[in-house]
Amino acid sequence: MATPRISHFTPITLSYFLLLLSLSTPILSINITTLLSPYPDLSDFASLLSSTSVAADLSRRSSLTLLAVPNPFLRTLPSPTSLADVLRYHVLLQYLSAPDLSSIPPSGKLITTLFQTTGRATSNFGSVNITRNPSTQSISIRSPAIYSPSNATIISLVKNLPYNVSIFSVNALLIPYGFDLMASETRPPLGLNITKALTDGHNFNVAASMLAASGVVQEFEADEGGAGITLFVPTDEAFADLPPTARFQSLPADKKATVLRFHVLHSYYPLGSLESIVNPVQPTLATEDMGAGSFTLNISRVNGSVAIDTGIVQASVTQTVFDQNPVAIFGVSRVLLPREIFGRDPVSTSKPTTGGVTGGAQPPDVSPSPVNSPGAFGPSSHMSSPPGFREEMKSQGFKMGVQSSDLALFCIGLYLLV
């Protein structure tokens, strides 16, 4: 008598599946007002965030640290027209836990703020320098400018939602160095000098020169109105890593201009919108010139980064250069080569780098989320989330969603178990 075959889909496998679902990447939206609502001493600060556009800006972020100012320290405020940028200066675009702060070297650590991404900050004065006093262990925040009079000290940890949001209270309102308190925060970026914005970014000199020489930069600036514009700009390293087979510099002027237009979407997409884009196949300005269905980009989220696939090259978004409706400029790890021009000679990377890959391979996690990044006390993971964390996330202003990476992980685990 034949022995009946026992199914490998055991309760252990089912438990594994349920565990993976429970560990899904949680961030889709942040409601900062909900997070601050249990703290009466921060009610004025929460109200200021809501009355400006800053609260809406934060809803599109998936990882940040907020420096909240308690009510007693908000006696003196800048003018309403400049208030939003001052508040943006209190939003650090990096998740920092209390242990992260305790491991900061005495010499300090420079962290980018939301104000830096507006393009209105002078040099790197949209960043803050965080320092730790080895004797008292106090943490101070100030402008990187040597003679900046504005500084604050962290009072306490208010809220911590690993590994996406930390809220600390500070004892003063921070004012960016050289900030014009009378400048209008509603000033539209129409007429933005794209070449200057790239030059100020310090890592886009090749792209800035090429845009200026080709003349297409004026075309891009003319498109800043209406639905807006999104530029993917290769870094200087990306141009240096172009393989000899690409022969980009030898292209005739009209084709070179087409390749530059291929790096631009005729709509404004902040980073959060790119991460959750509904239609991954996006037309570019080159599509408008060359015909529907041609010169499109496939945009998706891979390994915590925004991945851009041209059909023969995959790149990752590495940084935000400028982001204020209706203009967004992002640095990318590779020159985006359209298959319509370079497809007969597929591009392969002669020397692999950590900034991106080509030839259809998975792009690396160029800007990893804190969930996958090693911290000061060793690598963190979904497994280390505290008990009840998911329930707290649901009740504290977060929308949950199962990511495709989790489902892929489940499939791999199921295969191994079977």
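The rules behind these values
Residues numbered from 1 in each chain as written. Predicted model: local features only at pLDDT ≥ 70, side-chain atom pairs only at ≥ 80, totals over all residues. Heavy atoms only, no water. UniProt positions renumbered as here; feature names shortened; annotations may be inferred. Helix = DSSP H or I, 4+ residues; strand = E, 2+ residues; numbered from the N terminus. Buried < 20%, exposed > 50% of the residue type's maximum accessible area, 1.4 Å probe, protein only. Contact = heavy atoms within 4.5 Å. Areas by Shrake-Rupley, 256 points an atom, 1.4 Å probe, with all protein chains shown as cover. Pairing = 2+ DSSP bridges. Phe/Tyr/Trp six-rings, centres within 6.5 Å; stacked < 30°, edge-to-face > 60°. Core = buried A, V, L, I, M, F, W, Y, C linked by side-chain atoms within 4.5 Å. Salt bridge = Lys/Arg side-chain N within 4 Å of Asp/Glu carboxyl O. Arc of directions from axis to C-beta. Patch = residues over 30% accessible without salt bridge, like charges linked within 9 Å, V, L, I, M, F, W, Y side chains within 5 Å.

- The protein appears in an unreviewed UniProt entry as FAS1 domain-containing protein from Escallonia herrerae.
- Its UniProt record gives the protein a comment under Subcellular location (unreviewed entry), which states: "Cell membrane".
- On record in UniProt, under Sequence similarities (unreviewed entry), the comment for the protein is "Belongs to the fasciclin-like AGP family."

**Digging into the overall build of the protein**
Then, number 1: When helices and strands are counted, the protein shows 16 helices and 17 strands.
Then, number 2: A buried classification covers 48% of the 418 residues belonging to the protein.
Then, number 3: Of all intrachain contacts in the protein linking residues separated by at least 6 positions in sequence, the fraction that spans at least 24 positions is 69%.
Then, number 4: When the accessible surface of the protein is summed, it comes to about 19400 Å², and 58% of that surface belongs to carbon and sulfur atoms.

**What about the pairing of strand 7 (residues 165-170)?**
Then, number 1: Among the 6 residues that make up strand 7, 6 are buried, leaving the element largely enclosed by the rest of the structure.
Then, number 2: What you see with strand 7 is no split at all: Val165, Ile167 and Ser169 on one side and Ser166, Phe168 and Val170 on the other are buried throughout.
Then, number 3: Pairing analysis gives 5 bridges linking strand 1 (residues 64-68) to strand 7, with the strands arranged parallel. When the sheet's bridge partners are listed, Thr65 is paired in strand 7 with Ser166.
Then, number 4: For strand 6 (residues 151-161) and strand 7, the ladder comprises 6 bridges, and the chain directions are antiparallel. Counterpart to Asn160 in the pairing with strand 7 is Ser166.

**Notes on unusual backbone geometry**
Then, number 1: Here Pro162 and Tyr163 are connected by a cis peptide whose omega angle stands at 0°.
Then, number 2: As for its placement among the helices and strands, Tyr163 is situated in the loop between strand 6 and strand 7.
Then, number 3: Residues other than glycine seldom take positive phi values, yet Phe295 does so here, at roughly 50°.
Then, number 4: Note on placement: Phe295 falls in the loop between helix 13 (285-290) and strand 11 (296-302).

**Considering the sheet that holds strand 1**
Then, number 1: If you walk across this open sheet you meet the 7 strands as 2-1-7-6-5-4-3, and the pairing is mixed. Of all the strands in the sheet, just strand 2 (91-92) and strand 3 (109-112) have a single pairing partner and so form its edges.

**Looking at the packing of aromatic side chains**
Two numbers describe a pair of aromatic rings. These are the distance of the centres and the angle of the planes.
Then, number 1: If you walk through the whole model with that rule in mind, you get 6 aromatic pairs.
Then, number 2: Consider the rings of Tyr89 and Phe115, whose centres lie 6.3 Å apart with planes at 90°: the pair is edge-to-face. Pair noted here: Tyr89 is in the loop between helix 5 (80-88) and strand 2 and Phe115 is in the loop between strand 3 and strand 4 (127-132), with a separation of 26 residues, a long-range link. Judged on exposure class, the residue Tyr89 and its partner Phe115 are both buried.
Then, number 3: Ring geometry for Phe262 and Phe295: centres 6.0 Å apart, planes at 75°, overall edge-to-face. In this pair, Phe262 sits in the loop between helix 11 (253-261) and strand 9 (264-265) while Phe295 sits in the loop between helix 13 and strand 11, placing the two residues 33 residues apart along the sequence.

**Details of the nonpolar core**
Then, number 1: Counting 47 residues, the largest nonpolar core has Ile32, Leu36, Phe45, Leu49, Leu66, Ile130 and Ile167 as its most contacted members.
Then, number 2: Discounting chain neighbours no more than four positions away, the residues touching Leu66 are Ile32, Leu36, Phe45, Leu49, His90, Val91, Ser166, Ile167 and Phe168.

**As for the side chain of Thr235**
Then, number 1: Structurally, Thr235 is set in the loop between strand 8 (229-234) and helix 10 (236-240).
Then, number 2: Residue classification places Thr235 among the buried positions, given a relative accessible area of 8%.
Then, number 3: With residues near it in sequence (within four places) discarded, Thr235 still touches Asn203, Phe204, Thr318 and Val332.

**Topic: the pattern of salt bridges**
Then, number 1: The final tally for this structure, using the stated rule, is 6 salt bridges.
Then, number 2: A salt bridge links Arg334 to Asp241, with the nearest nitrogen and oxygen atoms 3.5 Å apart. Of this pair, Arg334 sits in the loop between strand 14 (327-332) and helix 14 (339-342) while Asp241 is found in the loop between helix 10 and helix 11, placing the two residues 93 residues apart along the sequence.
Then, number 3: According to the relative accessible area criterion, Arg334 is buried, its value standing at 4%.
Then, number 4: Several salt bridges share partner residues, and in doing so they unite Asp57, Asp85 and Arg88 into one network.

**So, the pairing of strand 14**
Then, number 1: Summarising burial for strand 14: 6 of the 6 residues are buried, a large majority.
Then, number 2: Because side chains alternate across strand 14, one face comprises the buried residues Val327, Ile329 and Gly331, and the other comprises Ala328, Phe330 and Val332, equally buried.
Then, number 3: Relative to strand 14, strand 8 runs parallel, the two being bridged by 6 bridges. Bridging across to strand 14, Leu231 finds its partner in Ile329.
Then, number 4: Bridge count for strand 13 (residues 313-324) against strand 14 is 6 bridges, and the pairing is antiparallel. From the neighbouring strand, Gln324 faces strand 14, where its bridge partner is Val327.
Then, number 5: Hairpin connection between strand 13 and strand 14: a loop of 2 residues separates the two successive antiparallel strands.

**Focus on helix 3 (residues 43-51)**
Then, number 1: Within helix 3, burial applies to Phe45, Ala46, Leu48 and Leu49. Each buried residue of helix 3 lies within a common arc of 160° when the element is viewed along its axis, so the set occupies one face.

**Overview of a nonpolar patch on the surface**
Then, number 1: Together, Ile146, Tyr147 and Tyr177 make up a nonpolar patch on the protein surface, roughly 420 Å² of accessible area in all.
Then, number 2: Secondary-structure assignment places Tyr147 in the loop between strand 5 (139-142) and strand 6.
Then, number 3: Take Tyr147: its relative accessible area is 73%, and that puts it in the exposed class.

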